[in-house]
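Structural description and commentary
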Amino acid sequence: MSKERARRREERQREAAVVAAARAAEAERRERRDARVRAMTSRLPARRTRPSGIIATRRRRQWQWLLGALLVANVAVWVFLPEWSARLGALVVSVLAAPVLHTLLFRR
């Protein structure tokens, strides 16, 4: 009976050694990959994070609405006016008027 238990224990230890070796190999591969990623990303400039507060979110939403409205207006001009001078004029006016409109529409 003790020989049977010893054989089973030896088999469990052998299986555990195989699993541990696989885990170690995976950890080594992961470490090498992380080292490569660190080496490559250390050469890149640091990412800037954008502000995430309530005010920054509101300001982004305001600009999105304004730019969306200006885009719709420019698309309407392009669809309904065939003259290139009118199209170009509308585009230039939109670009120049965007900060003014933002100030007028979303004054604090």
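Look at the UniProt record and you will see "transmembrane region" (unreviewed entry) annotated at residues 63–81 and 87–106. Helix makes up 95% of residues 63–81 and strand 0%, and the two end C-alpha atoms of the span are 26 Å apart. Taken as a whole, residues 87–106 contains 95% helix and 0% strand, while its terminal C-alpha atoms sit 27 Å from one another.

Next up on the list: helix α3 (residues 84–105). Compared with the 32 Å implied by 1.5 Å per residue over 22 residues, the 29 Å span of α3 between its first and last C-alpha is a close match. Along its length, α3 shows its largest kink, about 45 degrees, at Ala97, and proline Pro99 lies within four residues downstream of that point. Taken residue by residue, α3 has Arg87, Ala90, Ser94, Ala98 and His102 as its buried positions. Lining the buried residues of α3 we find α2 (54–80).

How each quantity is defined
Note on numbering: residues in each chain are counted from 1, in written sequence order. Predicted model: local features are reported for residues with pLDDT of at least 70 only, side-chain atom pairs are reported and counted for 80 or more only, and whole-chain, interface and lining totals are derived from all residues. Heavy atoms throughout the structure, all of them, feed into the side-chain values; hydrogens and water do not. UniProt positions are given in the numbering used here, feature names are shortened, and annotations may be inferred rather than shown by experiment. Per the convention used, a helix needs a DSSP run of H or I reaching at least four residues, while a strand needs a run of E reaching at least two, with both numbered from the N terminus. Helix span is expected to be 1.5 Å times the residue number reduced by one. The quantity called bend is, for any residue, the angle between two axes fitted respectively to the seven residues ending at it and the seven beginning at it. The rule is simple: take the accessible area with a 1.4 Å probe, protein chains only, and divide by the maximum for that residue type; under 20% is buried, over 50% is exposed, in between is partly exposed. Only heavy atoms matter for contacts: two residues are in contact if any of them lie within 4.5 Å across the pair.

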